[in-house]
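Structure assessment
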Amino acid sequence: MHGVTGADLDERTIVIHDAEGFAGMRKAGRLAAEVLDMLVPHVQPGVSTLALDALAYEFILARGAVPATIFYRGYSHSLCTSVNHVICHGIPSERPLREGDIVNIDVTVVVDGWHGDTSRMYYVGTPPLKARRLVDLTFECLWRGIEAARPGARLGDIGHAIQTHAEKNRCSVVRDFCGHGLGRRFHMAPNVVHAGRPGTGPELVPGMFFTIEPMLNLGRPESKILEDGWTAVTRDRSLSAQFEHSVGITEDGVEVFTLSPAGLDRPPYPV
Ligand code: MF3
Ligand code: CO
Ligand code: CO
């Protein structure tokens with residue numbers, strides 16, 4: 001289960017990338033983050049998530065890139081927009097956002113064959129304190145995970161860091177979805193689980209690329225998928241939040257490919 005170098009390897013093999021891969025991921029990650037930056041002023045009461053999706057589509061194509069999610073397993077949008085108790089994979093719709101909603105917007109772009117995958121939470125107006133507290137905690141958990149990622153650490157250390165911080169603050173970590181390796185493909189090995197035991201799983205080595213994308217619920221961790229085949233919601237209808245970065249393990253630590261160039265990494269965003 002350790003990383004191997006090479007091209008024609010199957011999906012269970014963790015690919016180790018070189019400097020060219022880092023350069024490719026920097027460009028893809030930056031564009032994905034720019035999509036999320038561009039959307040900031042548009043996330044307002046009365047705006048539909050379908051309108052946001054159209055803005056993202058135009059922005060991505062105008063920069064010579066493509067959304068990775070269109071035609072991905074039958075999906076047909078550029079964004080996932082997950083509102084309130086939707087955990088992930090919310091499908092953009094005509095329903096207007098409402099004052100007090102929290103929404104995760106997740107985008108993946110392909111630039112010169114490399115995938116940049118990132119998501120952030122947005123506030124619609126001013127959500128209730130418990131919602132903002134969940135969003136803050138989820139952002140902190142993502143960064144606890146990123147800080148646990150370095151050569152010599154193990155994949156389980158990331159999940160452990162996230163789970164410990166979430167549960168200490170009486171929130172639960174979703175188990176049914178996880179982060180993933182990425183690079184020239186959208187989803188590949190390894191699975192990056194967001195709860196786990198330290199010292200378990202594959203050792204992290206320079207050149208591994210993967211996402212960290214914890215989903216936290218105010219209530220219980222269980223999810224269910226709606227009739228549309230995509231939308232994952234909390235079974236107990238409690239609020240859910242998520243943040244995602246694409247990262248690469250370096251010789252001495254970790255590089256985050258999807259940082260916001262505008263400094264808009266978390267809400268509340270300046271008006
Ligand atoms: N971007 C999501 C992830 O973080 C995957 C979305 S797949 C879709 O892995 F088809 F739902 F868009
Ligand atoms: Co992802
Ligand atoms: Co994503």
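All values reported here derive from a predicted model rather than from experimental measurement.

In this section: the packing of aromatic side chains. Overall, the coordinates contain 8 aromatic pairs when judged by the stated rule. Between Phe-22 and Phe-257, the ring centres sit 5.8 Å apart and the planes meet at 65°, which makes this aromatic pair edge-to-face. With Phe-22 in helix H1 (residues 19-39) and Phe-257 in the segment after strand S15 (254-256), this pair connects stretches of sequence that are 235 residues apart. There is no split in this pair, since Phe-22 and Phe-257 are both buried. Here Tyr-75 and Trp-230 contribute two aromatic rings whose centre-to-centre distance is 4.9 Å and whose plane-to-plane angle is 80°, an arrangement assigned as edge-to-face. Of this pair, Tyr-75 sits in the loop between strand S1 (66-67) and strand S2 (79-83) while Trp-230 is found in the loop between strand S11 (223-225) and strand S12 (232-234), placing the two residues 155 residues apart along the sequence. Judged by its relative accessible area of 4%, Tyr-75 falls in the buried class. Counting every residue linked through ring pairs, the aromatic cluster contains Phe-22, Trp-114, Phe-209 and Phe-257. One Lys or Arg, Arg-63, reaches over the ring of Phe-59 and ends 3.5 Å from the middle of that ring.

Now for the site of ligand 1. Neighbouring ligand 1 are 14 residues; Thr-69, His-180, His-187, Glu-213 and Glu-244 lie closest to it. Within the contact set of ligand 1, an oxygen atom lies 3.0 Å away from a side-chain nitrogen or oxygen of Glu-244. Surface burial for ligand 1 is 96%, taken as the share of its 340 Å² of free accessible area covered by protein chains. In this structure, ligand 1 is accommodated by the largest pocket. Partitioned by chemical class, the residues of the shell around ligand 1 number 5 nonpolar, 5 polar and 4 charged.

Running from N to C, helix H3 (residues 129-147) and helix H4 (residues 155-168) cross one another at 155°; their axes reach a closest spacing of 8 Å. The angle between the axes of H3 and H4 places the two elements in the roughly antiparallel class. Where H3 crosses over H4, the handedness of that crossing is right-handed. Every residue of H4 that contacts H3 at Leu-137, Glu-140, Cys-141, Arg-144 and Gly-145 is listed here: Ile-158, Ala-161, Ile-162, His-165, Ala-166 and Lys-168. For the contact of H3 with H4, a count of residues per class yields 6 nonpolar, 2 polar and 3 charged.

Further remarks concern the coordination of the cobalt ion (ligand 2). For the cobalt ion (ligand 2), every protein donor is listed as Asp-117 (OD), His-180 (NE2), Glu-213 (OE) and Glu-244 (OE), and the spread of their distances is 2.0 to 2.2 Å. Coordination at the cobalt ion (ligand 2) comes from 6 donor atoms whose angles at the metal span 51 to 159°, giving a geometry best classed as irregular. Donor residues for the cobalt ion (ligand 2) sit on one chain with the sequence pattern D-x62-H-x32-E-x30-E. A separation of 3.3 Å is found between the cobalt ion (ligand 2) and the cobalt ion (ligand 3), both of which receive a donor from Asp-117. With a gap of 31 residues between them, Glu-213 in the loop between strand S9 (209-212) and strand S10 (215-217) and Glu-244 in the loop between strand S13 (240-242) and strand S14 (245-249) connect regions that are remote in the sequence.

Positionally, Thr-250 belongs in the loop between S14 and S15. Classification of Thr-250 as buried rests on a relative accessible area of 16%. Reaching out from Thr-250, the side chain makes a polar contact with the backbone nitrogen of Gly-253 at a distance of 2.9 Å. Here Thr-250 is in contact with Phe-22, Pro-151, Pro-206 and Glu-255, once residues within four sequence places are set aside.

An α-helical segment advances 3.6 residues per turn. Residues three or four places apart therefore align on the same side. With 19 residues, H3 should reach 27 Å at 1.5 Å per residue; the first-to-last C-alpha distance of 27 Å fits that figure. Burial in H3 covers these residues: Ala-131, Leu-134, Val-135, Leu-137, Thr-138, Phe-139, Cys-141, Leu-142, Gly-145 and Ile-146.

With that settled, consider the coordination of the cobalt ion (ligand 3). Only Asp-106 (OD), Asp-106 (OD), Asp-117 (OD) and Glu-244 (OE) from the protein coordinate the cobalt ion (ligand 3), and they sit 2.0 to 2.4 Å from it. One way to put it: the 6 donor atoms around the cobalt ion (ligand 3) meet at angles of 58 to 167°, and that makes the site irregular. For the cobalt ion (ligand 3), the donor residues sit on a single chain with the sequence spacing D-x10-D-x126-E. With relative accessibility at 12%, the residue Asp-106 sits in the buried group.

Judged by how many residues are buried, S14 sits mostly within the fold: 5 of 5 residues are covered. Here S14 shows no split at all, with His-245, Val-247 and Ile-249 on one side and Ser-246 and Gly-248 on the other all buried. Taken together, the 4 bridges between S9 and S14 define a ladder with antiparallel strand orientation. In the sheet register, Phe-210 faces S14, and the bridge partner there is Val-247.

This part covers the pattern of salt bridges. This structure, assessed with the given rule, holds 8 salt bridges. A salt bridge links Glu-255 to Arg-26; the nearest nitrogen and oxygen atoms lie 2.6 Å apart. Of this pair, Glu-255 sits in strand S15 while Arg-26 sits in helix H1; the two residues are 229 residues apart in sequence, bridging distant segments of the chain. In this structure Arg-26 comes out as partly exposed when scored by relative accessible area, which is 41%. We note a salt bridge from Asp-37 to Arg-120, for which the minimum N-O separation is 2.7 Å. Of this pair, Asp-37 sits in helix H1 while Arg-120 sits in strand S5 (residues 114-123), and the two are 83 residues apart along the sequence. Note on Asp-37: relative accessible area 11%, which makes it buried.

Cut-offs used in this document
- Each chain carries its own residue numbering, running from 1 in the direction its sequence is written.
- A letter from A marks each chain and a number from 1 marks each ligand, given out in the order of writing.
- For a predicted model such as this one, the threshold for reporting local features is a pLDDT of at least 70, and the threshold for listing and counting side-chain atom pairs is 80 or more; totals across whole chains, interfaces and linings nevertheless cover every residue.
- Each side-chain value is derived from all of the structure's non-hydrogen atoms; neither hydrogens nor water enter the calculation.
- Ring geometry is summarised as follows: Phe, Tyr and Trp rings, the Trp one being its six-membered ring, pair when their centres sit within 6.5 Å, and such pairs are stacked at plane angles under 30 degrees, edge-to-face over 60 and tilted between the two.
- Each helix is a run of DSSP H or I of at least 4 residues and each strand a run of E of at least 2, with the numbering of both proceeding from the N terminus.
- A 1.4 Å probe rolled over the protein chains alone gives each residue an accessible area, and that area as a share of the maximum for its type sets the label: buried under 20%, exposed over 50%, partly exposed in between.
- Working rule: Lys NZ or Arg CZ, within 6 Å of ring centre, within 35 degrees of ring normal, means a charge sits over the ring.
- Near is defined per residue: the residue qualifies when any heavy atom it owns lies within 4 Å of the molecule or strand.
- Here a polar contact is taken to be a pair of N or O atoms separated by no more than 3.5 Å, where protein atoms must pair a possible hydrogen donor with a possible acceptor and residues adjacent in sequence count only if both atoms sit in side chains.
- Areas reported as accessible are Shrake-Rupley estimates using a 1.4 Å probe. Residue values count occlusion only from the protein chains shown.
- A cavity, in this analysis, means grid points on a 1 Å lattice covering only the protein atoms where a 1.4 Å probe fits yet has no way out; a pocket is instead an open set bounded by protein on both sides within 12 Å along at least five of seven lines, and a residue lines either one if it has an atom within 4 Å of a point.
- A pocket or cavity is taken to hold a molecule when more than half of that molecule's atoms are within 2 Å of the pocket's grid points.
- Residues were grouped as follows: Ala, Val, Leu, Ile, Met, Phe, Trp, Tyr, Cys and Pro as nonpolar; Asp, Glu, Lys and Arg as charged; and all remaining residues, including Gly, as polar.
- The convention used is that axes are lines fitted to C-alpha atoms, helices contributing only their stretch in contact, and that angles between N-to-C directions extend from 0 to 180 degrees.
- What sets the label is the angle itself: under 35 degrees gives roughly parallel, over 145 gives roughly antiparallel, 65 to 115 gives roughly perpendicular, and the rest give oblique.
- The crossing is said to be left-handed when, going from far helix to near helix, the turn is anticlockwise and less than a right angle, and right-handed when the turn is clockwise.
- When checking whether two residues touch, look at their non-hydrogen atoms; a contact exists if any pair is within 4.5 Å.
- Only nitrogen, oxygen and sulfur atoms qualify as donors, provided they sit within 2.8 Å of the metal or within 3.2 Å for Na, K and Ca; with water excluded from the atoms, sites may seem incomplete.
- Tetrahedral means four donors with every angle between 85 and 135 degrees, whereas square planar (four donors) and octahedral (six donors) require angles over 155 degrees between opposite donors and between 65 and 115 for all others; sites fitting neither are termed irregular.
- Residue count minus one, scaled by 1.5 Å, sets the expected span of a helix.
- Any two strands with at least two DSSP bridges between them are considered paired.
- By definition, a salt bridge exists where a carboxyl oxygen of Asp or Glu is found within 4 Å of a side-chain nitrogen of Lys or Arg.

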